[in-house]
Amino acid sequence: MARWLVLIALALASLTPARAEEVLRVGDQRGNARALMEATGVLDGLPYRLEWSEFPAAAPLLEALNAGVIDAGGVGDAPFTFAAAAGVPVKAFLAFRNRQDGLAILVRPDSAIRTVADLQGKRIATNRGSIGHQVVLAALEEAGQPADSVQFRFLPPADAKLALTSGAVDAWSTWEPYTSAAELAGLVRVLRDGNGITPGLSYAVASDAALKSKRALLADYAARLARARARALTDPAPYAAAWSRLIGLPEAVPLRWFGRARYRTVPIDDAVIADEQRIIDLYVRAGLIPAARAPRAEAILDTGFSDALAAVR
């Protein structure tokens, strides 16, 4: 009888569908979260499957999130803000702050341009809606200059670098690793960096659907990513070495970048909400986001993951 009961139990088990393995689909840009988390060893013992998708920039990553192809990803504050204003169902659930030495308006070393006021009427290359675009707008406001006092040339970083070095534009507004690479090569001089005029925010973001159905997975991912950031802040060398091998640039570039950026994870608190609102307001004043479509910061930031971050400390 016991033998028959065992056989019946086995047969019933074979007819019962196995519990589907939980999956978190994360979008990444090359050399970012995946390289960081693998280099710092925080993915050991993962209780779910992590599926990575690589994107060349934040805009296509956010398009994939909007289409439901991925659940989450990492982006800067500028593309996140534009996506939210465009109606993408996305919220930030984890924030990172860093110094803004590497977010900078660059000119050639021999340029006669010495101040932001000298940019009036000049041609500036950057990506439309990027953090490079953001720092120009913020620097112009600081200098009392209107947003239309310069001529923007919207180009991707490689083309913008070539345009600057060839003299086709007068300045290039960009971010890391392009700033460190250009500085180390002696190609540029920093006219104005983002310190003091931009908040230095980037985010881990997720779709509204994932925030509802995969919240526990996102909390675990957030804690691991925060732990990776903390380890890289203490010892950036392993991440710099992994990044260098992956990207193909000398280790001096990421070491300069990571060493001065000092990335740190912060909870989405009142300070982050206030800084995000200032970004939204800047783009409204510049006419890049219609006031009628501008979101409120508190509506696009999820404050419910503080416990995941607290567990890292």
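Residues numbered from 1 in each chain as written. Predicted model: local features only at pLDDT ≥ 70, side-chain atom pairs only at ≥ 80, totals over all residues. Heavy atoms only, no water.

1. As for empty space enclosed by the protein
This structure, assessed with the given rule, holds one cavity of 30 Å³ or more. Here the largest cavity is characterised by a volume of approximately 40 Å³. Lining the largest cavity are Phe93, Leu94, Val266, Pro267, Ile268, Asp302, Thr303, Phe305, Ser306 and Leu309. Within the residue set of the lining of the largest cavity, elements represented by two or more residues are strand 4 (90-97) and helix 14 (306-310). The class makeup of the residues in the lining of the largest cavity is seven nonpolar, two polar and one charged. (1 Å grid on protein atoms, 1.4 Å probe; cavity = no way out; pocket = protein on both sides within 12 Å on 5 of 7 lines; lining within 4 Å. Points joined across faces, edges and corners; volume = space filled by probe spheres on them. Helix = DSSP H or I, 4+ residues; strand = E, 2+ residues; numbered from the N terminus. Nonpolar A, V, L, I, M, F, W, Y, C, P; charged D, E, K, R; others polar.)

2. Looking at helix 5 (residues 131-142)
Helical periodicity: at 3.6 residues per turn, an α-helix aligns residues three or four positions apart in one direction. Look at helix 5: 16 Å from first C-alpha to last across twelve residues, which is about the 16 Å you get at 1.5 Å a residue. The buried fraction of helix 5 amounts to nine of the twelve residues, a majority that puts the element mostly inside the structure. Residues Gly132, His133, Gln134, Val135, Val136, Leu137, Ala138, Ala139 and Leu140 constitute the buried set of helix 5. The residue sitting at the N-terminus of helix 5 and contributing the capping side-chain oxygen is Ser130; that oxygen lies 3.1 Å from the backbone nitrogen of Gly132. Backbone geometry just after helix 5 places Gly144 at a positive phi near 75 degrees. (Expected span 1.5 Å × (residues − 1). Buried < 20%, exposed > 50% of the residue type's maximum accessible area, 1.4 Å probe, protein only. Polar contact = N/O pair within 3.5 Å; in protein donor to acceptor, adjacent residues only side chain to side chain.)

3. Quick look at the sheet that holds strand 1 (residues 23-29)
Here we have six strands laid out as an open sheet, ordered 2-1-3-10-4-11, and mixed in their pairing. This sheet does not close on itself; its edge strands, each paired only once, are strand 2 (49-55) and strand 11 (264-266). When strand polarity is set aside, the average angle formed by the axes of neighbouring strands in this sheet is 30 degrees. Inspection of the sheet shows strand 1 paired to strand 2 by seven bridges, in the parallel sense. From the neighbouring strand, Val26 faces strand 2, where its bridge partner is Trp52. Those strands touched by helix 3 (residues 58-66) are strand 1, strand 2, strand 3 (72-76), strand 4 and strand 10 (201-207), and its axis lies near 145 degrees from that of strand 3. On top of the sheet, helix 12 (residues 270-285) reaches strand 4, strand 10 and strand 11; it is set at about 95 degrees to strand 10, its chief contact. (Pairing = 2+ DSSP bridges. Axes fitted to C-alpha atoms, helices over the stretch in contact; angles between N-to-C directions. Contact = heavy atoms within 4.5 Å.)

4. So, the sheet that holds strand 9 (residues 189-193)
Across the sheet, which stays open at both edges, the five strands sit in the order 7-6-8-5-9 with mixed pairing between neighbours. Single-partner strands in this sheet number two, and they are strand 7 (151-154) and strand 9. Within the sheet, the average angular offset between the axes of one strand and its neighbour, ignoring direction, is 30 degrees. Pairing of strand 5 (residues 104-107) with strand 8 (residues 171-174) involves three bridges; the strand directions are antiparallel.

5. Some details on the pattern of salt bridges
For the structure on display, the rule yields 19 salt bridges. Residues Arg34 and Glu38 are paired through a salt bridge, measuring 3.0 Å at the closest nitrogen-oxygen approach. Of this pair, Arg34 and Glu38 both sit in helix 2 (residues 33-39), separated by four residues, roughly a single helical turn. Where Asp170 meets Arg123, a salt bridge forms, and the shortest distance between an N and an O atom there is 3.1 Å. Within this pair, whereas Asp170 is found in the loop between helix 6 (157-166) and strand 8, its partner Arg123 is found in strand 6 (residues 123-126), the two being separated by 47 residues in sequence. (Salt bridge = Lys/Arg side-chain N within 4 Å of Asp/Glu carboxyl O.)

6. Details of the packing of aromatic side chains
The geometry of two aromatic rings is summed up by the distance between their centres and the angle between their planes. Applying the stated rule across the entire model yields nine aromatic pairs. A ring pair is formed by Trp243 and Trp257, whose centres lie 5.7 Å apart and whose planes are at 85 degrees; its orientation type is edge-to-face. In this pair, Trp243 is assigned in helix 10 (residues 237-247) and Trp257 in helix 11 (residues 252-261), connecting sequence segments 14 residues apart. On the accessibility criterion, Trp243 (2% relative accessible area) is buried. Between the aromatic rings of Trp257 and Phe258, the centroid separation amounts to 4.9 Å while the plane-to-plane angle is 45 degrees, which identifies the pairing as tilted. We classify Trp257 as buried; its relative accessible area is 8%. Residue classification places Phe258 among the buried residues on the basis of a relative accessible area of 9%. One aromatic cluster is present, formed by Tyr239, Trp243, Trp257 and Phe258 through successive ring pairs. Over the ring of Phe96 we find Arg229, and its NZ or CZ is 5.7 Å from the ring centre. For the cation-ring pair, Arg229 lies above Tyr263, with the distance from its terminal atom to the ring centre recorded as 4.5 Å. (Phe/Tyr/Trp six-rings, centres within 6.5 Å; stacked < 30°, edge-to-face > 60°. Lys NZ or Arg CZ within 6 Å of the ring centre and 35° of its normal.)

7. Points about the environment of Leu246
One can find Leu246 in helix 10. On the accessibility criterion, Leu246 (34% relative accessible area) is partly exposed. Considered as a pair, Leu246 and Gly144 are 102 residues apart in the sequence and their alpha carbons are 42 Å apart. Not counting residues up to four positions away in its chain, the partners in contact with Leu246 are Arg30, Gly31 and Ala35.

Honestly, it's all geometry; don't read function into it.
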